[in-house]
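Chain and residue survey
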Number of protein chains: 2
Amino acid sequence: MKESNSNSTGVKEIARLANVSIGTVDRVIHNRKGVSDETRKKVNAIIEELNFRPNKMASLLARRDQVNIGVLIPKTSSETNYWSYPLVGITQAVDELKQFGVSVTHFFYDLDSKNSFTTASEQILAADLQGVLLAPSFIEESLMLTKKLTEANIPFVFINSDLPRQESLSYIGPDLFQSGRLAAQIISMMAREADDIFIVNISTELELDHHLLRKEQGFRKYFEEHNIANTILTLNINHTDNQSVKKQLSKALASAPNARVLFVTNSRVNVVARVLADHPQKLILIGYDFIEENIRCLENESISFIISQRPKEQGYQGIMALYKHLFGLGDAERTNYMPIDIITKENFHYYKN
Amino acid sequence: MKESNSNSTGVKEIARLANVSIGTVDRVIHNRKGVSDETRKKVNAIIEELNFRPNKMASLLARRDQVNIGVLIPKTSSETNYWSYPLVGITQAVDELKQFGVSVTHFFYDLDSKNSFTTASEQILAADLQGVLLAPSFIEESLMLTKKLTEANIPFVFINSDLPRQESLSYIGPDLFQSGRLAAQIISMMAREADDIFIVNISTELELDHHLLRKEQGFRKYFEEHNIANTILTLNINHTDNQSVKKQLSKALASAPNARVLFVTNSRVNVVARVLADHPQKLILIGYDFIEENIRCLENESISFIISQRPKEQGYQGIMALYKHLFGLGDAERTNYMPIDIITKENFHYYKN
DNA sequence: CTGAAAGCGCTTACAG
DNA sequence: CTGAAAGCGCTTACAG
C-alpha cells in the first residue's frame, strides 16, 4: 500500500488556482447561491480542466446526513416465503449503506387484506421518512398512498409490480409479458405436436388482476407469432387451497386427455405439483418464483422449470436507487426490468438472487 | 434529511469512557502493539458494550491508502468478445472503488500465444502492484506466475478458470461439471427418444484441456444417472476455422443420420450454427457464453440455448474480493461458483451480466 | 506504553 | 458575495 500524493486535485487545490476560498469552491460545486457569476465561471472552468470529482467519502463524512427509508412490502406468509428474498436484498443494501447514514423502517402488510395495507400506509405517512420503497400490490390503496407521498415531496420506488403514470422515482421488477413469452418458448421446445397446453391461473379475486393476465398474454402471443398449433386452454382457479385446486384441476384434466403441459402463472405451481403427485400421466410443469416450496419440487422433479426475476436484487436495487437519489448521487432509470432467469434442478443451487 | 446526533459512539466517546486518548483506542481497534494488556482489555470491554463498529469512510479517508491492482486477462479477439464482459465488470468495480484509492493496471495476453502470457507475467512482476486478478488460461505458465506472486506476498484472485491447490485468495467462475449437467438436463427434456446427441468440442490443442472435458463429463453423467437411452457421440474438432469445422461436422453428421441435437462445449457454437445454416434438417443447438455472435444466433433461432456464467460479475467480484482483502475488510470464500444462467431468444434482452 | 496534534477532503455555520 | 474556522470520525507521525 502506498499513500496518495496529496498535492493532487481537491477543493483546496481548486481554491488556490481560482484565488478563492474553499467555501466558495464548495458553493460552486453544489450550485448553491451566493456566488457571483464571474467567480462561478472561473471556478467551474478549473473544475472542468482538472476533471474534478468530489470525494464522496469526505463529502458524506462532513455532511453527516441521516436518512430513514420506509419499506412497505407484504409479510412472509406461511403459504410462501417469496417476500423473504427482497427483504434479504434490502437488508444487504442497508448493511452496506448504514455507514453512509441510511436506515430503514419496516412496514408489513398482509396480501390477503387491503385493510392492512391501508393501516400501514397511514403509519408511513405519520412516520418521519425521507423515502419509501413499496410493493404496490393493491392498486387503489397504493394510489392513495403515493398521492400523499407526492404531496409531501417524499420520493418512492416501486418493486415487484408497477403503477405506471405515478411520480415514482423508479420501478424495479419483472416484465410480466416478456416472462410469459419466455415460458411459451421453453414449452414450445419441449411439447410434442399432439400435446395440449394448460395455462393455470390460481388466485383469489383479490389478486386476479393485470399480473397473471399479462403473463398469459405474453404466453399466447408467442404461440401466435410462431404459428404453433398446440391447443392452449386456460384454467382459472379462484381458491388457493389444495382441495379446491385439486378438484378443479382434476376436472379440467379429465376433459382434456391430451393435456401434457401446464403453465402456472404464479408461485402456486408447487400446489399444482402436489395435487398432481398421483396423476397417472407424467405432466410437464412450469411456474414462477424461487421459493422454497418450488425448489423442493424441482428437486423431486415434479416441476421442470421455474422462472425467477431476482427478488433479492429487486430489494437491493430499490434501496440503492433511493439512497442515490436522496444523496444527490444520480437517479436510476424510471423502469428497470430484471433479468428473467430460468431455474431447474441442475442450476438452482448456485442461484443467489 | 436530518443530522446525526454526534454524541453517539465513536473513538472519541470510547476514549472518554476508558480514560485514554483516541490514539490508544485506535491502537486497540487495529490490534497494534504498544498497548498494555490492562488498557487493551478496558478499551475492548467498552467497544464490546457499545457494539462499536468503526466508520469505514472516516477510516479510509484518514488512511488515504492507494492500491494498484494488476489485471491479467486475454484480450478481446476478433473471434470472440467474451473477455469484454469481465472487463466491463472490472471497470465498474474500479469506478466504484477509485474513491477509496483503488486503481488498476491492465495486462492483456493472446489466447493463442503462451508467450504473450509469459511476457505479461514478467511485466506484472516488475510492476508495483498490491494485488493481481488473473485468468489462468495456461496452466504451467500460470503456476510460474502465481509461485512468484506468493513469494512476493502479493495476493491474487482467479477468474473464469481455477488452479486448485494454489495460494489464491479466491476463485470466481463457473462450475464446469455442473454446467454440463444443466445442458444435459435441458437437452434431455427436448430430445425425442430416437434422437442421437452430439457433443462437439471445438478447440485447438492449446485449449483442449480439462475445461471442455469437465463439461462433457458432467453432461454424460447426467444421462447415465437418469438412464436416458439416447446415443451420445463425441466429435472433437481441433481446428477453429469455418472450413475445418464445416468439413468435420458434415462428415460426422453424414454418418449419424439420427443426430438431431448438438451440444457445443464452448462459445464457438455460433460457428456451428453458421456452417449448419444450409443443413437439410433442423437441428437443436446449445452452447456457451453470452457473446454477440451467439446472441445473433439466438435471435435468428439457429441456436436454442446459451449457457452463461455471468462474465461481468466475475470481473466485478474479482476486483471486490481483492479490494476487501487489501483493506482488511474481510476475505471472500476460496471458491465462488457463479450462477449458471440459461439464455434464449426471449430473455437475452434483459440479461446484464 | 501513552497522549496531543495535525491531517484526510469535504461541509457548515458564522462573520463580514 | 466571500472567507476563515471548526468539525465529520478516523489515522498517523511525533514526543515523551
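Residues numbered from 1 in each chain as written. Chains lettered and ligands numbered in written order. Predicted model: local features only at pLDDT ≥ 70, side-chain atom pairs only at ≥ 80, totals over all residues. Heavy atoms only, no water.

- If you check an unreviewed UniProt entry, chain A appears there as Substrate-binding domain-containing protein from Mucilaginibacter rubeus.

Concerning the protein's contact with DNA strand C
- Among the 27 residues in the neighbourhood of DNA strand C, the closest are listed as Asp26 and His30 of chain A together with Arg27, Ser36 and Thr39 of chain B.
- Counting only the atoms of DNA strand C that lie within 4 Å of the protein, the sugar and phosphate share comes to 70%.
- In this structure, Val11 of chain A approaches DNA strand C through a main-chain N or O atom, which is 2.9 Å from a phosphate oxygen.
- At a separation of 3.4 Å, a phosphate oxygen of DNA strand C approaches a polar side-chain atom of Lys12 of chain A.
- Put simply, the parts of the chain that give the surface near DNA strand C at least two residues each are helix H1 (11–18), helix H2 (22–29) and helix H4 (56–63) of chain A together with helix H2 (22–29) and helix H4 (56–63) of chain B.
- If one sorts the elements of the surface near DNA strand C by residue count, H4 of chain A sits on top with 4 residues.
- Tallied by class, residues from the surface near DNA strand C come to 10 nonpolar, 10 polar and 7 charged. (Near = heavy atom within 4 Å. Polar contact = N/O pair within 3.5 Å; in protein donor to acceptor, adjacent residues only side chain to side chain. Helix = DSSP H or I, 4+ residues; strand = E, 2+ residues; numbered from the N terminus. Nonpolar A, V, L, I, M, F, W, Y, C, P; charged D, E, K, R; others polar.)

Remarks on the nonpolar core
- Counting residues in each nonpolar core, the largest one holds 93 residues, and the members touching the most others are Leu72 and Ile319 of chain A together with Leu72 and Ile319 of chain B.
- With near-sequence residues (within four places) excluded, Leu72 of chain A lies in contact with Phe107, Tyr109, Phe117, Ala120, Ser121, Ile124, Leu133, Leu134, Ala135 and Leu145 of chain A.
- Formed by 48 residues, the second largest nonpolar core is a distinct cluster that contains Leu182, Ile197 and Ile286 of chain A together with Phe223 of chain B. (Core = buried A, V, L, I, M, F, W, Y, C linked by side-chain atoms within 4.5 Å. Buried < 20%, exposed > 50% of the residue type's maximum accessible area, 1.4 Å probe, protein only. Contact = heavy atoms within 4.5 Å.)

Looking at the sheet that holds strand E11 (residues 305–308) of chain B
Residue and element names in this part refer to chain B.
- On the basis of which strands lie adjacent, the open sheet formed by 6 strands has the order E8-E7-E9-E10-E11-E13 and mixed pairing. The outermost strands of the open sheet, each flanked by one partner alone, are strand E8 (232–237) and strand E13 (341–343). The sheet shows a mean angle of 20° between the axes of neighbouring strands, taken without regard to direction.
- Two strands pair when backbone bridges link them, and strand E7 (residues 196–202) and strand E9 (residues 259–264) are joined in this way by 5 bridges, in the parallel orientation. What sits directly across from Ile197, in E9, is Val261.
- Helix H8 (residues 176–190) rests against E7, E9, strand E10 (284–288), E11 and E13 of the sheet, and its axis sits at about 165° to E10.
- Where helix H10 (residues 242–254) meets the sheet, it contacts E7, E8 and E9, and its direction lies at approximately 155° from that of E8. (Pairing = 2+ DSSP bridges. Axes fitted to C-alpha atoms, helices over the stretch in contact; angles between N-to-C directions.)

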